[in-house]
Every structure is written in C-alpha cells, then in structure tokens.
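Results of the structural survey
Here is what each chain is made of, one letter per residue.
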Amino acid sequence: MAEAAFSEDGKYFSLITNDGRLRIWDTETNVLKQEYTPDFHLKASPTCLQWVEVNNSLSPKKGARKSISGQTSQCVALGTIYGKILLYSVSQAKVETVLENEKQTKKIQSLDWHRKYGLFSCSVDSHVIEWDLGMSSVKHTYNVSMRTKLKQVNKASGIKIVPHNQDSSIKYIIVASVKTNIWRLENSNATIVQSLSHTVSDKAILTVTTLGNTSWLIEGSQEERLLSFWDVTIKEEPLQNGDSTPSNKKRKKEIIVTPTPTYNFVLEDAPKFVDVNIKCDAEGTKLSLVAATRSGVVHYYGHMLNGSTTKPIKPSVTIQVSTPGASPLPLTCCQLPKNGDLLLGYKNGPVLLFEKVTPDLSTKTQILIRGDNEKKVQKSNDTTKDISSTNNDITYVEPMGGVSRKRPTAGGTTEVTMEARLQNLALDLNSRSKAPVNQNLTKLLMQGLHSDDKGLILTVLQKDDPAVAFNTIASLPAEYVPMLLDSILEMATRKTSQCAAACTWLNALIKSHSALLLASINARTANQITQLLAIFTHRRSHLCQLLNLKGRIDLTVVQRNKTKDVSNQAPILDYQDTSSDEEMEIEKADSSADEQWEDEVDEGDDDDDDDETSDQSED
C-alpha cells in the first residue's frame, strides 16, 4: 500500500493528502508542480498510487485508433475506494483515462506497474486484476485469497511484480496477506510458488530490485522495526508444449519448509518509506538500503552481499535534519537514484523540501543543519567560500528607536556621523520613528524564544498594546510561531493581567499568521490552539461569578468604610461641663441658706399667729 512515491527518474514526488488530493513536487526546484482534486474525492478518495508510463496514443475511448509513435508520458495511477483507477497525466495535468471493472467494486489496496508486464491492481478482497492500458479494459482476474482460520486478516495489503527472463507469458507476483507469498499467474489462474514469511499487518512494505537475472525483495511492515531481505529469483523452467499445469495439491506438497530471509535489517522505529539499490563493483555486489522512519530520521545501510546471516544488521549511518536552534525537521521520504547520491525529502513547517546528500560512512549519525539561519555558500572559481566568515560588517539596531551602527573589525574604529550623534542626544521620544522600536521588539522576542529566556519573553509579551503586538509579530519568522504559542499558552494560565496580555498577542498572531496556522499540518500547533481555546473558555465561564463576587466585596468594603468614618468624625460643637469642689460647696451653701430662710419664714408665721390669738383674748 503506497500513499507516496517517487517517479522512476526521481524528478517528481507524488503524495495523497488526508483529504484525498494528489500533490506532485518537482524535486529539482522544490516547487509544488501540480495539485489535483478528484470530483468524488470526499466519498471515493484515492487509497494508493503508482507511477506508470503510457503511450501518448492512449485514449479513454475504447476502440480508438492508436498511433504507431513510441513516445511515452509519465502518469500517476490512483486507486480508489470503489475499485476505479484514475490515470492522471502529469504533462496534461488532468485525468486522461478511468479504468473500471463492473464486476469488481471493492477498495483497491495496492498498485504495481512494470514496463514489461503492465499494470496490476489488488483489491481488499484479495483479487488481483491485470489491466490492458491500450484498451482500458481488464485482461485477467486472479484470486489470490488464502483459506485460513484467521478470517479477519485474510486480505491482501500489498503486491509487487517479480521480473524474470523466461520466454513465456507467465507472470509472477508477490502478495502480502496472512503470509507473503509468490504467486504464479497464467490465464486467470493463480498458484502459490513459494511462501516467504508470516505477515498480519494491513500496511505491508514491499520493494523489489534486480541485478542481471537475480531478483531480491525487501519486505516489512509500517508497524514493525524489522526489514527482511529475500532472494526471489524465479528459477522455474517454462512449460513445454503438451505439458499440463501442476495441480495445487502437488504444489502444496512441494512447499514443505518455509525459507528464512538472507538478511534482517533493524531500525529504531517502524519504517514508512523504503528504497533499495544493488550494483556490482570491483569489491563485489553491494547492497544500498534506505528507510525513512516514523520518528523523522533516515537509516542508510551499506552491505556487501556475501552469504547469509541471522544476526540483525544495524544501519551504517543515521541521517537527521535540524535547524540552527536544534529543532528537528522530520524526514518523510527518501530514494536511491542510480548516480549514488541519496535524495531526501524533509518538512520545514508547511513546506516540503528535497535535497541530495552523500552519506558520511565515517560517523554513525550525520546531522544536517538546515533552515533560514543556515550559512549561505557561494561557489566561484572552483572554490567554496563562506559568506558569513567574510562579512564582518553586521548591522545592529539601537534600542528605543536609535540609529543603526556597524560592528567593526578587530582593531578598527567605529565612525558615527554628527547627525546620528545629535539624534541620540534627543530627549523627545515622540519625534522618533516607531518602526525601529517594533523591529527591536521583534528581535528581542526572537532572541528570547531562541534561547528560551522566560524573563526576556515576558518583557516583550507584557506590553498590552494591540498595535505594538501586531507590528512586532508581523515581522516574526514562521519558525518561531510554535515557540511563541508555547509562551502565550504559559501566560494564559497565570494571573489576570498576564492573561489579558496573552489575549492581545494571540489576537495579533492569528491576524498576521492565519494562513500559516491554517496550512500547517503540525500536530503540535493544533494542540496548542486547542489548549488555548479550552483555557479561555474555562476562564470566561467563571467571569460572571467573579464579577458578582467582586461587586459584593466592593459594596461591603464601602459600607464598612462609611461606618468607620461616622465613629471617627469630629463633633461640630464640643461642650465641656466642669464640676469642681468649690461649685459643690457653693451649691451646698446655697441649699443650706435656702433651708434657713425657709425656717425663719416658718417662725415668722408662727409669731403672727400668736399675736392674733392674743388680740382675740383681749377683746
């Protein structure tokens, strides 16, 4: 099952995306040459692809007159879920032919093409179809299913044509199913020639290479860390006239002992792309094998074919690609062209780049430093000069909108004009241009992200100004976006002031780099955005309750402050009532005088009564 493949000459690389689109890159110019979206890609998306060469006289109409011209063109055969095969022409940038079998509408699991034997397809129900590209029809249909008790794995996951030099119409094909078997195909009949190994994965990897009359097979799975090397040379003699085809029972009796692989190659992770090349030189027959793993590295094996061994063979060199900031760039594909140089494809953000590399066998790990900060190399007069080593005049921008200066060479002097010195002495910051300030913040942010300096990052991100944030992020390179999202994610979980600043910078990031975020297929960026959305949603859900609580606390504090103000308020009128001992004595004296006065008044009244009594007696 192949979802990506190089053309035979290595000039093009094709890939089926997750949404069913076909993309074709030019490996020499690193340009996305073509992108094709089938009309029914959503309900019948492509499942596999294979590069083929067809005659230019092919026509989608059956019975059309073909030209005698021998010119061929490169096409990409796309297998679909409903059993159709689309022949996409690279030169015409369109689908020229649709191969369809009315009796077979099952999902196409694998495709393979050979210049001598034509195009073969294998469906999920273990039926192999041989196609006639000239007439756009089916030549033969073969049933390669095996009767086993494990029905859930009884389906073909990959096929590969085995070339041979026999003068007959018999074809041999390798089918990966419950077991990896070699089948003999003739007149719509399929019989097993040899059983190689046990395979239960539906993501088999099969690669066949030839040298002279000998054929070899690299067999593995996208879920295992082992690749097996088999000798699959066809040694059966062709049938003579009058001979009968051997029966299936006879062939089953012949297969008594399951052979063992010649070599086993071990990897650090499961492979997803494999290529092999064998050539002869003065030292002998040399095997070159490359495998791109799920972890984003490429293993290169250089081994001389001399006997067999059961000990797993380790890679000769492991190739990795990284940025100057030690951020790995995952390798996704690899190929071994005939010239010997290794063709690698790696991702730098949303961009897929290709490069030819010579494996360094003197070391176990070969690391390639690639990225925007890579030193540029200039070639002239057959000599290589490093531009960064000769360019000593590096421009720096002074903080707060100052003028630029140049770093001098060793022993040199710094010359600054008088106008620049007067501008540095100016105290009016409003009269200066704001563009250098934004550039300084961008460089300061890049420096903090590159060195993972939390204090330096917070110095920039705590500026809660939308205009400053937008102008700063607009000049930020694309490779710093994931690191900036990490810093914003960390700020969003802190106190409210930093969370508000994080919202401002995230808004500016989405506005300025929205196309990059949408085009990025990096799972790390998607997880960061999902986490930020969850954090902001969670904090917003508690905002109303926090505002209600804050309002009640403010009301309580205000009422309490008013109570304290009344108790501590100064009186408008202060009356002091002084009570001394003298006043008490005067009050007592006054009270005794009053009592004496009352007594004298009472005695006087008594005397008057006595006089009146005496007068009455005299009368």
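That block above? That's the structure.
The model shown is predicted, which means the values in this text are computed figures rather than measured ones.

Some details on the nonpolar core
Leu445, Leu484, Ile488 and Leu509 are the most contacted members of the largest nonpolar core, which has 29 residues in total. Contributing elements (two or more residues each) for this core: α4 (435–451), α5 (454–461), α6 (466–474), α7 (481–492), α8 (496–512), α9 (514–519) and α10 (523–541). Sort the elements by how many residues they give to this core and α7 lands first, with 7 residues. Ignoring sequence-local partners within four residues, the contact set of Ile488 consists of Ala502, Trp505, Leu506, Leu509 and Leu532. Judged by nonpolar contacts, the second largest core, of 25 residues, contains Ala292, Leu343, Leu344 and Phe354.

With respect to the sheet that holds strand β4 (residues 31–36)
To summarise the sheet geometry, strands pair through backbone hydrogen bonds and adopt either a parallel or an antiparallel arrangement. If you trace the 4 strands from one edge of the open sheet to the other, you get β1-β2-β3-β4, paired in antiparallel fashion. Every interior strand has two partners, whereas the edge strands, β1 (4–6) and β4, have only one. Direction aside, the axes of adjacent strands within the sheet are offset by 15 degrees on average. For β1 and strand β2 (residues 12–16), the ladder comprises 3 bridges, and the chain directions are antiparallel. Considered in β2, the bridge of Ala4 is made with Leu15.

Some thoughts on a nonpolar patch on the surface
Taken together, Leu549, Ile553 and Val557 make up a surface patch of nonpolar side chains, about 260 Å² in accessible area. By the secondary structure assignment, Val557 is in helix α11 (residues 543–567).

Some words on the packing of aromatic side chains
Summed over the entire model, instances satisfying the criterion amount to 11 aromatic pairs. Ring centres 5.0 Å apart and planes at 35 degrees place the aromatic pair Tyr36 and Tyr88 in the tilted group. Of the two residues, Tyr36 sits in strand β4 while Tyr88 sits in strand β7 (residues 85–89), which places them 52 residues apart along the sequence. As far as the burial class goes, Tyr36 and Tyr88 line up, both buried. Ring centres of Phe229 and Tyr263 lie 5.7 Å apart, and the angle between their planes is 40 degrees; this geometry places the pair in the tilted category. Of this pair, Phe229 sits in strand β19 (residues 226–231) while Tyr263 sits in strand β20 (residues 263–266), and the two are 34 residues apart along the sequence. For Phe229, a relative accessible area of 1% gives the class buried.

As for the packing of α5 against α7
Between α5 and α7, the shortest axis-to-axis distance is 11 Å and the interhelical angle comes to 80 degrees. Considering their axes alone, α5 and α7 lie roughly perpendicular with respect to each other. Residues Lys454, Ile457, Leu458 and Leu461 of α5 touch α7, and the partners they reach there are Leu484, Ser487, Glu490 and Met491.

Some words on the sheet that holds strand β22 (residues 285–293)
Spatially, the 5 strands line up as an open sheet ordered β21-β22-β23-β24-β28, and their pairing is mixed. On the outer flanks of this sheet lie β21 (271–280) and β28 (365–369), each paired with one strand and no other. Direction aside, neighbouring strands of the sheet carry axes that sit 20 degrees apart on average. By the bridge criterion, 3 bridges tie strand β23 (residues 298–304) to strand β24 (residues 317–322) in an arrangement that is antiparallel. Each bridged residue has a counterpart across the sheet, and for Tyr300 the counterpart in β24 is Val317.

Examining unusual backbone geometry
Phi at Asn30 is positive, roughly 60 degrees, even though this residue is not glycine. Here Asn30 shows up in the loop between β3 (22–26) and β4. Residue classification places Asn30 among the partly exposed positions, given a relative accessible area of 30%. Positive phi, close to 55 degrees, is recorded for Ala93, a residue that is not glycine. When you line up the elements, Ala93 lands in the loop between β7 and β8 (94–99). For Ala93, a relative accessible area of 41% gives the class partly exposed.

Points about the pattern of salt bridges
Inspection of every chain in the model, using the stated rule, returns 13 salt bridges. The partner of Glu130 in a salt bridge is Lys171, and the shortest N-O contact between them spans 3.3 Å. With a gap of 41 residues between them, Glu130 in strand β11 (residues 127–132) and Lys171 in strand β14 (residues 171–176) connect regions that are remote in the sequence. Under the relative-accessibility criterion, Glu130 is labelled buried at 2%. Residue Lys171 is classed as buried on the basis of its relative accessible area of 16%. Here Arg184 and Glu186 are joined by a salt bridge, their closest N and O atoms 3.3 Å apart. An identical accessibility class is assigned to Arg184 and Glu186; each is buried. Overlapping salt bridges, with partners in common, bring together Asp19, Arg21, Arg23 and Glu35 in one network.

Rules used throughout
Residues numbered from 1 in each chain as written. Predicted model: local features only at pLDDT ≥ 70, side-chain atom pairs only at ≥ 80, totals over all residues. Heavy atoms only, no water. Core = buried A, V, L, I, M, F, W, Y, C linked by side-chain atoms within 4.5 Å. Buried < 20%, exposed > 50% of the residue type's maximum accessible area, 1.4 Å probe, protein only. Helix = DSSP H or I, 4+ residues; strand = E, 2+ residues; numbered from the N terminus. Contact = heavy atoms within 4.5 Å. Pairing = 2+ DSSP bridges. Axes fitted to C-alpha atoms, helices over the stretch in contact; angles between N-to-C directions. Patch = residues over 30% accessible without salt bridge, like charges linked within 9 Å, V, L, I, M, F, W, Y side chains within 5 Å. Areas by Shrake-Rupley, 256 points an atom, 1.4 Å probe, with all protein chains shown as cover. Salt bridge = Lys/Arg side-chain N within 4 Å of Asp/Glu carboxyl O. Phe/Tyr/Trp six-rings, centres within 6.5 Å; stacked < 30°, edge-to-face > 60°. Parallel < 35°, antiparallel > 145°, perpendicular 65-115°, else oblique.

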